[in-house]
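A look at the structure
Chain by chain, the residues:
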Amino acid sequence: MLDKAIKGSKLYWWWLFILFGAIGTGFLAYLYQFTHGLGETGMSRDISWGIYISQLTYLVGVAASGVMLVLPYYLHNHKAFGKITILGEFMAVGAVFMCLMFVLVDLGQPMRMFNLVLHPSPNSVLFWDAVVLNVYMGLNLVIGWMVLQCEKKGDVVPKWVKVLIYISIPWAFSIHTVTAFLYAGLPGRHFWLTAIMAARFLASAFAAGPAILLLIMLALRKASSFHVAWDTLKGLAKIITYAMIANVFFFLLEVFTAFYSGIPGHQETFYYLFTGLSHHGHWYGQLVPAMWVSLILMFTTIVLLVVPQWRNSEKVLPVTLVILVAATWIDKGLGLVIGGFIPNPLNEITEYAVTLPEILITIGVYGMGALVVTLLYKIAIGVREELENKPRIIGAAEHAAHGHAH
Amino acid sequence: MSATRREFLKIAGIAAAAGAAATPAFASFIPGNILWPRGESKRDEAYTAKRWAMVIDLAKLDQKVVETVREACHAAHNVPDFLKVAGMGAGEAKRSEIKWIWPAKYESAFPNDMNEHMSANVTQRPVLVMCNHCDNPSCVRVCPTKATFQRADGLVLMDYHRCIGCRFCMAACPYGSRSFNWYDPRDAKDPKTLVGGRAVDPGFPTRTKGVVEKCNFCAERLARGEAPACVAACKNNEMVFGDLSDPESPARRLLRERYSVRRKPEMGTGPQVYYVI
């Protein structure tokens, strides 16, 4: 099946070229960071995690969201999703791969990363996060690959693969729960110290992840032979709607607890994010505009998703989803991690400004993830095309022309 | 005050006698709970305790004391000084700073203990903050490689060669006591000099970029039979170090006699740096 990845149209090769460009640039930026130290990032003694760990957090959600296709199909026999579960599984592989890369580029001593394995520490949530992420990536790769192979050969999916599929469903929930525990179990970080963190993570993940998948499927409809029925996409849009409402609801619960209790520690980060904080005659509020944009966009997407005419419109839905991805990214990929560090444990404020090397490395990692997803999707779509062409009796010339196009 | 002075003389006497006798059997009677008012209390074998703790007398701290203490600690542990780097912007220097012990404002050290109309004598004095060597350290709990660990005598220590630089411990510490080497702490051109111009003390390892570090309660000096550098630098018992398990230790006596506070005890970490007011 691998051969499918090296045969493609001009568009396909251009896309790979762009991805390799992003990866190459990111790699050079990483060499720079590796040589000079993480001081080349915007992180500091006070904001000790920045955009890398933020992306890890966001992408764990994207990875987990593959389950929103797998679960309805395998547990509820929702047949419409049968054709697209493979896309969810392969996107999960790419997303987890990016998560691992983001951890790697964030390490001060990446050469020592195997200390995680050499000195396993079950008391550390990071240890468990590494375990669940790696297993989840393996599960999805094996499941996706095996199902595709069986499809190709016309075989029945073996029982052990079915077992893995059923394991992968709770496992998807586990990866985002454990990632939430990275934050939710730390004393002295009030913004993160909340029992609803895992649930909120899952809600935003099940909104943003399927939204990205749906956008990819819409793009595939244009750029490839892979046509997902609009009705199937409409089903996915409903899941996104519920998840997005839950996400905003959970956020409002946080706001209530912080402000009705009136406990300053619980309020300060909210103030920093939404009004800015004054400290020693200086106003700090770098993220305020972005957070308001995120909040307004979140409510906008809910309106656009709840009203059936807009949700079911092929014109409106893609715009809604782009807005949704942007809104949840600001919330989780920017505000959550960085905001949690402000104010610092000594009630002082240091802000975070992302640097150019950091941006280039981040784009490079996204490039790597996109490459993984592209190659896997190319193989999956290639196999499907072959199957669709097989039973039909077509002229040799037509067959050649069709094969050439892809 | 006079009590602690007497205590010192008594202990110094015992220590001198022990040194003279120099038999292992006798040496075991030397209390490990020694109070060090000066740096000269040195002995030939390691100081040990069941539970090391620090008591800091806030009433005695002033700008001069805290600067002396910080300098003594940072010199003893090869801590670079990014604030002194020419050409580095103030913002970047502050972001890259390494701090083992440093003066903080009262409101920063004790954000939950600020009352209206408090005595300026309390709120305006510098507070020395450092690693609290917690009983229940959250940094140790979260470390994925056991690079930071807790010793039986309570010291929370770091293995700089095992640390992968994930900085989970920095997020977990509710005291901001941990620093990360964002850059190489050693001068790029001269390996015998640290960033900021201080000469490297070969008696303590320098660190590499990409690892976390913090106060170690001078584990290396205790092992040599020396007082912690900060305590040794104090001229007037501003900092008292001792074995909390011994009710007769000067540290315990100070806690018995004076009102004490700790930083954020509500976090459940069990901080072992006490402040007497």
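Residues numbered from 1 in each chain as written. Chains lettered and ligands numbered in written order. Predicted model: local features only at pLDDT ≥ 70, side-chain atom pairs only at ≥ 80, totals over all residues.

**Some thoughts on the overall build of chain B**
Of regular secondary structure, chain B possesses eleven helices and ten strands. Here chain B holds 277 residues, and the buried ones make up 47% of them. Contacts in chain B between residues far apart in sequence, at least 24 positions, make up 68% of those at least 6 positions apart. (Helix = DSSP H or I, 4+ residues; strand = E, 2+ residues; numbered from the N terminus. Buried ≥ 20, exposed ≤ 12 C-beta atoms within 10 Å, placed from the backbone. Contact = placed C-beta atoms within 7 Å.)

**Let's talk about the environment of L141 of chain A**
In this fold, L141 of chain A is placed in helix α6 (residues 125–153). With 18 C-beta atoms packed within 10 Å, L141 of chain A lands in the partly exposed category.

**What to know about helix α11 (residues 288–306) of chain A**
Residues and elements named next belong to chain A. Helix length check: α11 (19 residues) gives 27 Å between terminal C-alpha atoms against 27 Å at 1.5 Å per residue, within 8%. The complete set of buried residues in α11 reads M291, S294, L297, M298, T301, I302, L304 and L305. Buried residues of α11, seen end-on, are gathered within an arc of 165° and therefore sit on one face of the element. Among the exposed residues of α11, those oriented more than 90 degrees off its buried face are P289, I296, F299 and V303. At its buried positions, α11 is contacted by α9 (230–261), α10 (264–274), α12 (308–311) and α13 (316–340). (Expected span 1.5 Å × (residues − 1). Arc of directions from axis to C-beta.)

**Digging into the sheet that holds strand β9 (residues 260–261) of chain B**
All names here are of chain B. Read from one edge of the open sheet, four strands run β8-β1-β10-β9, paired in mixed fashion. The open sheet has two free edges, formed respectively by β8 (239–243) and β9, since each of these has just one partner strand. Sheet topology note: the β9/strand β10 (residues 273–276) ladder contains two bridges and is antiparallel. Its bridge partner being in β10, S260 is matched across the sheet by V276. Packing against the sheet, helix α11 (residues 250–257) makes contact with β1 (52–57), β8, β9 and β10, and its axis sits at approximately 115° to β8. (Pairing = 2+ DSSP bridges. Axes fitted to C-alpha atoms, helices over the stretch in contact; angles between N-to-C directions.)

**Quick look at the confidence of the model for chain B**
Residues and elements named next belong to chain B. The pLDDT averaged across chain B works out to 85; a share of 84% of its residues lies at or above 70. In the predicted structure, residues 1–33 sits below a pLDDT of 50 and forms 32 contacts with residues beyond four places in sequence or in another chain. The ipTM assigned to the predicted complex is 0.89, against a pTM of 0.89. (pLDDT = per-residue confidence, 0-100.)

**Quick notes on the interface of chain A and chain B**
Listed as interface residues are 32 residues of chain A and, on the opposing side, 42 residues of chain B. Put simply, the parts of the chain that give the side of chain A that touches chain B at least two residues each are α5 (115–118) and α6 of chain A. With three residues, α6 of chain A is the largest single contributor of residues to the side of chain A that touches chain B. Its residues assigned to classes, the side of chain A that touches chain B comprises twelve nonpolar, 16 polar and four charged. (Nonpolar A, V, L, I, M, F, W, Y, C, P; charged D, E, K, R; others polar.)

**Quick word on the packing of helix α3 (residues 67–76) of chain A against helix α4 (residues 85–106) of chain A**
Residues and elements named next belong to chain A. As a packed pair, α3 and α4 sit with axes 8 Å apart at the nearest point and diverge in direction by 140°. One finds that α3 runs oblique with respect to α4. α3 and α4 meet at a crossing whose hand is left-handed. When α3 is examined against α4, the residues L69, V70 and Y73 are found in contact with a partner set consisting of T85, G88 and E89. (Parallel < 35°, antiparallel > 145°, perpendicular 65-115°, else oblique. Left-handed = near helix turned anticlockwise from the far one by under 90°.)

**Examining unusual backbone geometry**
All names here are of chain A. Residue P343 is reached from I342 by a cis peptide bond, and omega for that bond is -5°. With respect to the helices, strands and loops of the structure, P343 is situated in the loop between α13 and α14 (356–389). Within the chain, H280 stands out as a residue other than glycine whose phi angle is a positive 50°. Position of H280 among the secondary structure elements: in the loop between β1 (277–279) and β2 (282–284).

**Description of the confidence of the model for chain A**
Looking at chain A as a whole, the pLDDT averages 91, with 96% of positions reaching at least 70. For chain A, the element scoring lowest by mean pLDDT is helix α15 (residues 396–405) of chain A, at 46; α11 of chain A scores highest, at 96.

**Digging into the packing of helix α2 (residues 51–64) of chain A against helix α7 (residues 159–184) of chain A**
All names here are of chain A. Put simply, α2 and α7 touch, their axes get as near as 8 Å, and they point 165° apart. Considering the angle they form, α2 stands roughly antiparallel to α7. Crossing of α2 against α7: the hand is left-handed. In this structure, α2 contributes T57, V60, G61, A63 and A64 to the contact, and α7 contributes A172, F173, I175, H176 and T179. Within the contact of α2 with α7, the residues separate by chemical class into six nonpolar, four polar and no charged.

**Here we look at the nonpolar core**
All names here are of chain A. One finds A63, V96, M98, C99 and F102 to be the most contacted residues of the largest nonpolar core, which totals 189 residues. In terms of residues, this core owes the most to one element, α4, which gives 15 residues. Leave out the neighbours within four places in its chain, and C99 touches L56, L59, V60, A63 and L133. (Core = buried A, V, L, I, M, F, W, Y, C linked by C-beta atoms within 7 Å.)

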